[in-house]
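# A structural walkthrough
Chain by chain, the residues:
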Amino acid sequence: DDTFAFDPAGGMALPSVEQQGLCIGATFGIRAVNSVDPSRQINALGFCRCVHTLGWHVNRAVLTKGGVVMMKDHQVCMEKLQEKLVMTVQVPFLFGVPQSWDDISEAISSGGGLIDRVSKKWMLY
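Residues numbered from 1 in each chain as written. Predicted model: local features only at pLDDT ≥ 70, side-chain atom pairs only at ≥ 80, totals over all residues. Heavy atoms only, no water.

### Let's talk about the side chain of Asn-34
Inspection of the secondary structure puts Asn-34 in strand S3 (residues 26-34). Within the structure, the side chain of Asn-34 is placed 3.1 Å from the backbone nitrogen of Val-36, a separation counted as a polar contact. (Helix = DSSP H or I, 4+ residues; strand = E, 2+ residues; numbered from the N terminus. Polar contact = N/O pair within 3.5 Å; in protein donor to acceptor, adjacent residues only side chain to side chain.)

### Quick word on the packing of helix H2 (residues 51-64) against helix H3 (residues 100-110)
With their axes 8 Å apart at the nearest point, H2 and H3 run at an angle of 155° to one another. The orientation of H2 relative to H3 falls into the category roughly antiparallel. Considering how the two elements wind past one another, H2 and H3 form a crossing that is right-handed. Note on element contacts: H3 touches H2 through Asp-103, Ile-104, Ala-107, Ile-108 and Ser-110, opposite Leu-54, His-57, Val-58, Ala-61 and Val-62. Across the contact of H2 with H3, the residue classes break down as 7 nonpolar, 2 polar and 1 charged. (Axes fitted to C-alpha atoms, helices over the stretch in contact; angles between N-to-C directions. Parallel < 35°, antiparallel > 145°, perpendicular 65-115°, else oblique. Left-handed = near helix turned anticlockwise from the far one by under 90°. Contact = heavy atoms within 4.5 Å. Nonpolar A, V, L, I, M, F, W, Y, C, P; charged D, E, K, R; others polar.)

### With respect to the side chain of Thr-88
Looking at the secondary structure, you find Thr-88 in strand S6 (residues 82-91). With relative accessibility at 10%, the residue Thr-88 sits in the buried group. Dropping the residues within four chain positions of it, Thr-88 is found in contact with Arg-31, Val-33, Val-68, Val-69, Met-70 and Met-71. (Buried < 20%, exposed > 50% of the residue type's maximum accessible area, 1.4 Å probe, protein only.)

### Considering unusual backbone geometry
Positive phi outside glycine occurs at Phe-93, with the angle close to 60°. Mapped onto the fold, Phe-93 is located in the loop between S6 and H3. For Phe-93, a relative accessible area of 49% gives the class partly exposed.

Dropping the structure here:
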């Protein structure tokens, strides 16, 4: 249904979450580092509805896997009306079995995030 509910106060009500879809106003960058071998890393960039909700879900997933949040930076730019969340997390078995990255990407989705780009870095010596 594409119609909005009528507001008796004299107008149209705001659309529901399902009707409005993803409102892009917040971006995130998450860098996950393997705690056993720091040369193994994954970087994810994307968009989210709320940086606080996304940060909470990612933090919970990292701690559940025995990892730590090394850096969490929340920036607000009032001139551009945007928010940005930058996180660096360290987890064991980033590429191992079971993969910790699967839980982190699931936490991003659960927190209202949409991953735009993922880059993996694995330096072999």
